[in-house]
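# Commentary on secondary and tertiary structure
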Amino acid sequence: MNDEGVIDLVALLRTAGLAVPIGSVISFVEAVGLVNNDVRSVYWAGRATLAHSPAEIELYDLVFRHWILGTEIALSQSPITKSDQAIIADDEALDSAQKDSADVETDDVAVLRFSRTETLHSADFASLNDDERAEADRLIATMRISAVTRASRRRRPSRRSYGTLDLRRTIRESLRTGGEPLQLRTLQRTRVPRRVVIIADISGSMASYSRSLLRYAHAAVSAGAKVEAFALGTRLTRLTRELSTRDPDKAMQRAAGSVEDWSGGTRLGEGIGRFNDEWGTKGMARGAIVVILSDGWDRGEPELLASEMERLSRVAHKIVWVNPLKATDGYAPLARGMAAALPFIDEFIEGHSLDALDRLSAVVAGGGARPVRSMSVLQRVEVN
Amino acid sequence: MKPLTGSLSTVSSSLPTSVQEVVVGLADNGYMADEGLATAIFLALSMKRPLLLEGEPGVGKTEVAKTLSALTGGELIRLQCYEGLDAAQALYEWDYPRQLLHLRAAEAAGTIGSDVAAVENELYSERFLIRRPLLDAISDRHEVAPVLLIDELDRADDEFEAFLLEVLAENAVTIPELGTFRAKVSPIVIITSNRTRDVHDALKRRCLYHWVEHPDSEREIAIVCSRVPGASHVLARQVALLVAELRTIGLFKPPGVAETIDWVMALTALGHTEIDVASVDASLGAVVKYREDADRVRAHGISALVDAAQREN
Ligand SMILES: Nc1ncnc2c1ncn2[C@@H]1O[C@H](COP(=O)(O)OP(=O)(O)O)[C@@H](O)[C@H]1O
Ligand SMILES: [Mg+2]
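This write-up is about the structure you can find in this document.

Parameters and conventions
Residues numbered from 1 in each chain as written. Chains lettered and ligands numbered in written order. Predicted model: local features only at pLDDT ≥ 70, side-chain atom pairs only at ≥ 80, totals over all residues. Heavy atoms only, no water. Pairing = 2+ DSSP bridges. Helix = DSSP H or I, 4+ residues; strand = E, 2+ residues; numbered from the N terminus. Axes fitted to C-alpha atoms, helices over the stretch in contact; angles between N-to-C directions. Parallel < 35°, antiparallel > 145°, perpendicular 65-115°, else oblique. Left-handed = near helix turned anticlockwise from the far one by under 90°. Contact = heavy atoms within 4.5 Å. Core = buried A, V, L, I, M, F, W, Y, C linked by side-chain atoms within 4.5 Å. Buried < 20%, exposed > 50% of the residue type's maximum accessible area, 1.4 Å probe, protein only. Salt bridge = Lys/Arg side-chain N within 4 Å of Asp/Glu carboxyl O. Near = heavy atom within 4 Å. Polar contact = N/O pair within 3.5 Å; in protein donor to acceptor, adjacent residues only side chain to side chain. Nonpolar A, V, L, I, M, F, W, Y, C, P; charged D, E, K, R; others polar. Phe/Tyr/Trp six-rings, centres within 6.5 Å; stacked < 30°, edge-to-face > 60°. Buried area = accessible area lost by both parts, 1.4 Å probe.

### A word on the sheet that holds strand S8 (residues 188-193) of chain B
All names here are of chain B.
- A sheet is described by the order of its strands in space; here five strands give the open sequence S2-S5-S8-S1-S9, paired in parallel fashion. Each end of this open sheet is capped by a strand with a single partner; those strands are strand S2 (76-80) and strand S9 (208-211). Taking the axes of each pair of neighbouring strands and ignoring which way they run, one obtains an average angle of 20° across the sheet.
- In this sheet, S9 lies alongside strand S1 (residues 51-54) in parallel orientation, the contact comprising four bridges. Residue pairing for S9: Leu 52 is matched across the bridge by Tyr 209.

### Quick look at the packing of helix H2 (residues 22-34) of chain A against helix H3 (residues 39-50) of chain A
Residues and elements named next belong to chain A.
- Orientation of H2 relative to H3, taken along the N-to-C sense of each, is 150°, at an axis distance of 9 Å. Comparing the axis directions of H2 and H3 gives the class roughly antiparallel. Seen along the crossing, H2 lies across H3 with a hand that is right-handed. Only Val 42, Ala 45, Gly 46, Thr 49 and Leu 50 of H3 make contact with H2, whose side of the interface consists of Ser 24, Val 25, Ser 27, Phe 28, Ala 31 and Val 32.

### Observations regarding the nonpolar core
All names here are of chain B.
- Leu 134, Leu 153 and Phe 160 are the most contacted members of the largest nonpolar core, which totals 93 residues.
- The element contributing the most residues to this core is helix H2 (residues 35-47), with nine residues.
- Excluding its chain neighbours within four sequence positions, the residues that come into contact with Phe 160 are Leu 79, Cys 81, Leu 85, Ala 90 and Leu 153.

### Looking at the pairing of strand S4 (residues 196-201) of chain A
Residue and element names in this part refer to chain A.
- In terms of burial, S4 is largely enclosed, as six of its six residues are buried.
- Residues of S4 alternate between two faces, with Val 196, Ile 198 and Ala 200 on one and Val 197, Ile 199 and Asp 201 on the opposite face, all of them buried.
- Two strands pair when backbone bridges link them, and S4 and strand S5 (residues 227-232) are joined in this way by six bridges, in the parallel orientation. Within S5, the position partnered with Asp 201 by the bridge is Leu 232.
- The sheet contact formed by S4 and strand S7 (residues 289-293) spans five bridges and is parallel. When the sheet's bridge partners are listed, Val 196 is paired in S7 with Ile 289.

### A word on the pattern of salt bridges
All names here are of chain B.
- Scanning all chains against the criterion turns up 26 salt bridges over all chains.
- The salt bridge involving Glu 93 is made with Arg 132; its shortest N-O contact spans 2.4 Å. With Glu 93 in strand S3 (residues 92-94) and Arg 132 in the loop between strand S4 (129-131) and helix H7 (133-137), this residue pair connects regions lying 39 residues apart in the sequence.
- The partly exposed category is assigned to Glu 93, whose relative accessible area is 23%.
- As a salt-bridge pair, Arg 197 and Glu 161 come within 2.7 Å of each other at their nearest N and O atoms. Taken as a pair, Arg 197 in the loop between S8 and helix H9 (201-206) and Glu 161 in helix H8 (residues 158-170) lie far apart in primary sequence, 36 residues in all.
- Through salt bridges with shared partners, a single network forms among Glu 54, Arg 195, Asp 198 and Lys 204.

### Things to note about the site of ligand 1
Residue and element names in this part refer to chain B.
- Around ligand 1 sit 16 residues, and of these Met 32, Gly 58, Lys 61, Thr 62 and Arg 227 come closest.
- Between an oxygen atom of ligand 1 and a main-chain N or O atom of Val 59, the distance comes to 3.2 Å.
- For the shell around ligand 1, the secondary-structure elements that each account for two or more residues are helix H3 (61-72), helix H10 (217-227) and helix H12 (257-269).
- For the shell around ligand 1, the class distribution of residues is eight nonpolar, four polar and four charged.

### A word on the packing of aromatic side chains
- Going through the model one piece at a time under the given rule, you end up with ten aromatic pairs over all chains.
- With a centroid separation of 5.1 Å and 75° between ring planes, the pair formed by Phe 230 of chain A and Phe 275 of chain A is classed as edge-to-face. Taken together, the positions of Phe 230 of chain A in strand S5 and Phe 275 of chain A in helix H12 (residues 268-278) put the pair 45 residues apart, joining distant regions of the chain.
- With 5.7 Å between their ring centres and 45° between their planes, Phe 160 of chain B and Phe 163 of chain B make a pair best called tilted. Highlighted residues: Phe 160 of chain B and Phe 163 of chain B, both in helix H8, separated by three residues, approximately one helical turn.
- These aromatic residues form a ring-pair network of at least three members: Tyr 43, Trp 44, Tyr 60 and Phe 64 of chain A.

### As for the interface of chain B and chain A
- Facing 20 residues of chain B, the contacting portion of chain A comprises 20 residues.
- Approximately 1,600 Å² of surface area, both sides summed, lies buried where chain B meets chain A, with 64% of it carried by carbon and sulfur atoms.
- On the chain B side of the interface with chain A, the three residues burying the most area are Glu 35, Arg 205 and Tyr 209 of chain B, jointly 33% of the side's total.
- Our enumeration of links across chain B and chain A arrives at one salt bridge.

### Here's the deal with the sheet that holds S5 of chain A
Residues and elements named next belong to chain A.
- Taken in spatial order, the six strands line up as S6-S5-S4-S7-S8-S9 in an open sheet, and their pairing is mixed. With one partner strand each, in any of the chains shown, strand S6 (236-238) and strand S9 (347-349) form the two edges of the open sheet. Between one strand axis and the next, the sheet turns by 20° as a mean value, whatever way the strands run.
- In this sheet, strand S8 (residues 318-322) lies alongside S7 in parallel orientation, the contact comprising five bridges. When the sheet's bridge partners are listed, Ile 292 is paired in S8 with Trp 321.

Structure (structure tokens):
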């Protein structure tokens, strides 16, 4: 293997979230020079020098396969077809869904589905080329989040036969039937959507997923949902204001501009602590659906993350953790941060594709995560 | 302060020169290593870096160091870690009782009054130094690199790790009263951990790393046959298969290789050349050490386990 190969592999490992200090790279190069020049030997040399725990070995294995199959992956990208018509059709579907939901009082408000080619539907955001990316962005812009509702103090007339008796309406209508109250009228509490708080990890490995999620947040904000968004890198940055502009591209640029550390390391525990202190426990997270996007690779202490997650879980209605790595073959949440956070999470879902964002919508709307349909890049390669 | 020993050099003539040589060399000394472990060992030897071995208890981590010592001819120096292990136990200590005796003797001889400094110098000389494993491993008495085994590091405290990192980084130890001790031949360092807690990143980075898995059945059969020469091959095979199955049923303490060996030994001593339900039931204690685990195995069904192991033949 040449030096370029080494650099490629190391870059891929770093993108996947493995900390590879320069000292380890030097060791790796030295080790490769000492063993045979075949794939197995290079594999073991890399493993002994670059991975330092079972979790890291798991990640190393995935990335190594990815690296060896690199050329095939480039070839396996399938073309995308535009689907403008489908989007229009689905806008109609949304309208009728909203009509339905006005009639039927449920916690699970129907969410917009959108059609597109299967490939783009399930493709990993990190694997998209520029054209596909643009198409995916456009599709995200059409997505709608309807958060699960909570009862407010206000009451309004209801068609249900149970609930608090609406005496005024019952009497008024009974006048028409000669004073006989044929039908009891009831009152229902008004329901208001819960606030959705999105905290997106923007460290190197998460960048492309976070961008998509923030676009998703933008779509939600412009549709009038109560959404707050934060970017979490080496610091925590509130992006809500940036996401309320009309033009998603400008909003994204402004969001990127106001975040200084698009690809530094993450200190999850510290960041979530900052959120708790400055916003969360003061009311923003109270009763809210908190969506955290991260691979769970925390550069800080796992104990801190656990205690901050616990604080958050005490005020939030629901914590949804979106982990793009969950879509990769055989992923078990072994990252230390992920393991520390897990006990406080209500829903654990992937966030690597349009499909996955769709599932996120379902979860935010009050449904459970639906079964996984999509395949990761690696799995697709194996199929080919 | 004077340096006590000469410059660093390593006697490397006896070291393996390829991964394959490591495999063969270990096998000659009774240890069956797979390619991954052999590569990690080969690289650690060649790159003169400590090797951190992590894995479940009983997968053969400690045995690696013992076998390496047999293979290279380097003396095995073992530091067993435990909670509260400190520098005095790991590195060196002054022999206070003997120092005191010496002082009394000097007093009796009347030499103290005249030259306090000289007496003090004498007290803090190598005569009264107790060398613990870490200092011993870098002492200049070794012609062949010793194998320093730091066993079950996860049992020691964090502070000990920090201290160990320092010693490993320097390959030298400074004793204020005596000066700096530096290895003539740098030791081969094997660190093991059962991973009851995480070893610090800084220490990990200094080491090459290998996660030791339970051997696959073929390797385990080979291990058993080499360790229990009198055992029937059929028995070794059946027991290895049965143990592999036991590792998957969620026992509190899954059996390691040592338990497989013990079990085959016990059954062989009882005159068995094959397993059957009665003998497995009677000797279960050799392989599962907790009552809860034994209950679990019985609930799982011994006859089903035995059937499966017999069928594989
Ligand atoms: N690969 C192997 N080859 C030969 N013997 C082995 C092997 N692995 C384990 N053993 C045997 O298993 C026993 C337990 O191994 P040990 O090194 O004490 O485990 P650990 O240190 O991982 O807890 C040793 O006494 C050794 O005889
Ligand atoms: Mg041991």
